[in-house]
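Notes for the structure review
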Amino acid sequence: MEELEDSGKRAKALESKPEIEEEMKEYVEAFAILSSQRSVGMGPNPISLTDILSYLQIYGATCIEEFMYHILSMDSTFLVKLSEKREREKPNGSSGSKQ
């Protein structure tokens, strides 16, 4: 990464990085922490309410109702997008289940 920085070039992935509005940074940072703690079975599971409660006890939140809304919305979107990505990456004709 330093080599890229020294050359004056930017990583292609950073060129399309979305700007995060200031009022959303609290939620994005919390989501990153909570998402890294999610359990995994056949795939990632939703962020648990227990983990969200633990986060709130440690860090607090400006507004708990808004916090819950944003975290649960981001988590739902994350899981849907991940599922869609996995479907696209399946070999043609593969249903993903054994018969």
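Whatever comes next refers back to the structure up there.
An account of the accompanying structure is given in this report. (Residues numbered from 1 in each chain as written. Predicted model: local features only at pLDDT ≥ 70, side-chain atom pairs only at ≥ 80, totals over all residues. Heavy atoms only, no water.)

On inspection of all chains with the given rule, the structure shows four aromatic pairs. A centroid spacing of 6.2 Å and a plane angle of 55° characterise the contact between Tyr-27 and Phe-67, whose relative ring orientation is tilted. Placement of the pair is Tyr-27 in helix α3 (residues 25-35) and Phe-67 in helix α5 (residues 64-89), with a sequence separation of 40 residues. The class of Tyr-27 is buried, set by a relative accessible area of 4%. Taken together, a centroid distance of 6.2 Å and an interplanar angle of 65° make the contact between Phe-31 and Phe-78 edge-to-face. (Phe/Tyr/Trp six-rings, centres within 6.5 Å; stacked < 30°, edge-to-face > 60°. Helix = DSSP H or I, 4+ residues; strand = E, 2+ residues; numbered from the N terminus. Buried < 20%, exposed > 50% of the residue type's maximum accessible area, 1.4 Å probe, protein only.)

Along the chain, Arg-38 turns up in the loop between α3 and α4 (49-59). Among all residues touching Arg-38, those that are not within four sequence positions of it are Phe-31, Pro-44, Asn-45, Pro-46, Ile-47, Asp-75, Phe-78 and Leu-79. Here Asp-75 takes part through its side chain, which lies 2.7 Å from a polar atom of the side chain of Arg-38. (Contact = heavy atoms within 4.5 Å. Polar contact = N/O pair within 3.5 Å; in protein donor to acceptor, adjacent residues only side chain to side chain.)

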